[in-house]
Each structure stands twice: as C-alpha cells, then as structure tokens.
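Chain by chain, the residues run as shown.
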Amino acid sequence: MAVTFSDLHTESGLKALDTFLSGKSYISGDKLTKGDVKVYAAVLENPSADLYPNASKWYGAVSAKLAHSFPGKPAGVGIGGAAAPAAPAAETKESADDDDDLDLFGDETEEEKKAAEEREASKAPAKKKESGKSSVLMDIKPWDDETDMKKLEEAVRGIEMPGLFWGASKLVPVGYGIKKLQIMLTIVDDLVSVDTMIEEQLTVEPINEYVQSCDIVAFNKI
C-alpha cells in the first residue's frame, strides 16, 4: 500500500513522519523501498535528532543505503566532465523485490504514460520493441552560490533525446549557501545511457558554465 506524507518542509509534516516511523526502521518496515527514497527526496535535510529522533535516525539510514548503491566506486562524475562510472549491471535482490512499491516523486498517471509512449513513438518510429525503462534520481551541483540555479535547471531540461523524460525536481541545500538540483528522469534503457549523457552533455559546453558535477543517487528498473 502506498504511504504518502505532505508538507515535509513544515514542523507538522516532520512530526507526522516522526510519529509514523516510531518502532520502524523504514517506511514499509525493516527494509529500504522506493517509498523511502520518495519521502527522503521530499525532506530537505536531516531532521533534528532532538525534535524528530525517529525521522532523523531513518534519514541517516536511507542516506547510508543510497551511498552504498554503487559498491566499490563513487556515483557520478568529477569536475570538468571526468568519465562517469557505469551504472550497476544488475539490481540487488532488495531492489528487485521493491519494484511494486511507489515510483520516486510519485506515481505516473495513465495520461502521462500514454503521452510518454506517443512522444517516444514519434521520436523513434523504427524501434518496434523497446527494452525496459529505468527511473533515475540525480544530484546536479553548481560551481558556487552565485550560480543561477534557474538557468542551470533550464539548461539541464533543455537536453532532449528519444527515450529521455525529465520529471520532478527540487533545490536542496548543501552548505555555505550553495544548493544542488535534485531531479528525477525516466529513460528507455536501449535508447539512453545516463553515463554518456553526463559525460557528453551535462558536463560540457555550454552547460558546464553552470554545472560542476553530477551524481547518480538512485537507479531502479521500472
């Protein structure tokens, strides 16, 4: 069953989350699911451990889990468009078991699915049968606190290709007045390589005027 929370930027929303997590390790019980990542993405920063001890403990656990989604190598690329590591060749059993949970940043409506399929068909008419799709959560970091984040997001969303669909986004504080863009995207696996897009489009001219680096936070098959 889908579990949703609203107004997680407010005290009442965080209090509701804290109360719900009492006695629980994760949103759905004792394991990380897409539901956790969805709620995690809606929380701007680690809740106060004094005010919301359950939510703070949960936030730290989800952060640690996401940090280990790519064992043996860091996610994303470095400054100036350094080569990005390949995404995991296969999902963990835990990720596969979670496929029936909520999509990140909300469920896709039937109208959105139909529109996406029509756009995809018009862009790639020769492709008779597409492979699976993946849902990707990315962090895109600016050079400094003076970077125009509105122009950064416009430049990112300006990247268009068959099989690429940009989704919800938000700005997340990272410290010293700097905010990063956290954005969802859905890709058709046979048509789009996230690593190639990062290396050849997101970290080269003219977008690298705004973008310092990109990190893949979560990568899940749909």
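Everything here concerns the structure above.
This write-up is about the structure you can find in this document. Source: prediction; values computed, not measured.

### Considerations on the overall build of the protein
Move 1: In terms of regular secondary structure, the protein is built from 7 helices and 4 strands.
Move 2: Counting helices and strands in the order they occur from the N terminus, the protein gives α-α-α-α-α-β-α-β-β-α-β.
Move 3: Going through the 222 residues of the protein one by one, you find that 38% of them count as buried.
Move 4: Excluding contacts between residues fewer than 6 apart, the proportion of contacts in the protein whose partners are at least 24 apart in sequence is 70%.
Move 5: For the protein, the exposed area adds up to about 12,300 Å²; of that, 51% sits on carbon and sulfur atoms.

### Some remarks on the packing of aromatic side chains
Aromatic ring pairs: the centre-centre distance and the angle between the two ring planes describe each pair.
Move 1: For the structure on display, the rule yields 2 aromatic pairs.
Move 2: Relative to Tyr59, the ring of Tyr40 has its centre 4.7 Å away and its plane inclined at 35 degrees; by these criteria the two rings are tilted. With Tyr40 in helix H2 (residues 34-42) and Tyr59 in helix H3 (residues 53-67), this residue pair connects regions lying 19 residues apart in the sequence. Each member of the pair, Tyr40 together with Tyr59, is buried.
Move 3: Aromatic side chains Trp58 and Tyr59 sit 6.5 Å apart centroid to centroid with 70 degrees between the ring planes, which places their arrangement in the edge-to-face category. You'll find Trp58 and Tyr59 in the same group, each marked buried.
Move 4: The aromatic ring of Phe20 is capped on one face by Lys24, whose charged end is 4.4 Å from the ring centroid.

### With respect to the packing of H2 against H3
Move 1: Interhelical geometry of H2 versus H3 gives an angle of 110 degrees and a closest axis separation of 11 Å. The angle between H2 and H3 places the two elements in the roughly perpendicular class. Relative to H3, the crossing made by H2 is left-handed. On H3, the residues touching Asp36, Val37, Val39 and Tyr40 of H2 are Trp58, Tyr59, Val62, Ser63 and Leu66.
Move 2: Of the residues in the contact of H2 with H3, the class split is 7 nonpolar, 1 polar and 1 charged.

Definitions and cut-offs
- Residues numbered from 1 in each chain as written.
- Predicted model: local features only at pLDDT ≥ 70, side-chain atom pairs only at ≥ 80, totals over all residues.
- Heavy atoms only, no water.
- Helix = DSSP H or I, 4+ residues; strand = E, 2+ residues; numbered from the N terminus.
- Buried < 20%, exposed > 50% of the residue type's maximum accessible area, 1.4 Å probe, protein only.
- Contact = heavy atoms within 4.5 Å.
- Areas by Shrake-Rupley, 256 points an atom, 1.4 Å probe, with all protein chains shown as cover.
- Phe/Tyr/Trp six-rings, centres within 6.5 Å; stacked < 30°, edge-to-face > 60°.
- Lys NZ or Arg CZ within 6 Å of the ring centre and 35° of its normal.
- Axes fitted to C-alpha atoms, helices over the stretch in contact; angles between N-to-C directions.
- Parallel < 35°, antiparallel > 145°, perpendicular 65-115°, else oblique.
- Left-handed = near helix turned anticlockwise from the far one by under 90°.
- Nonpolar A, V, L, I, M, F, W, Y, C, P; charged D, E, K, R; others polar.

Read these as spatial facts, not as claims about activity.
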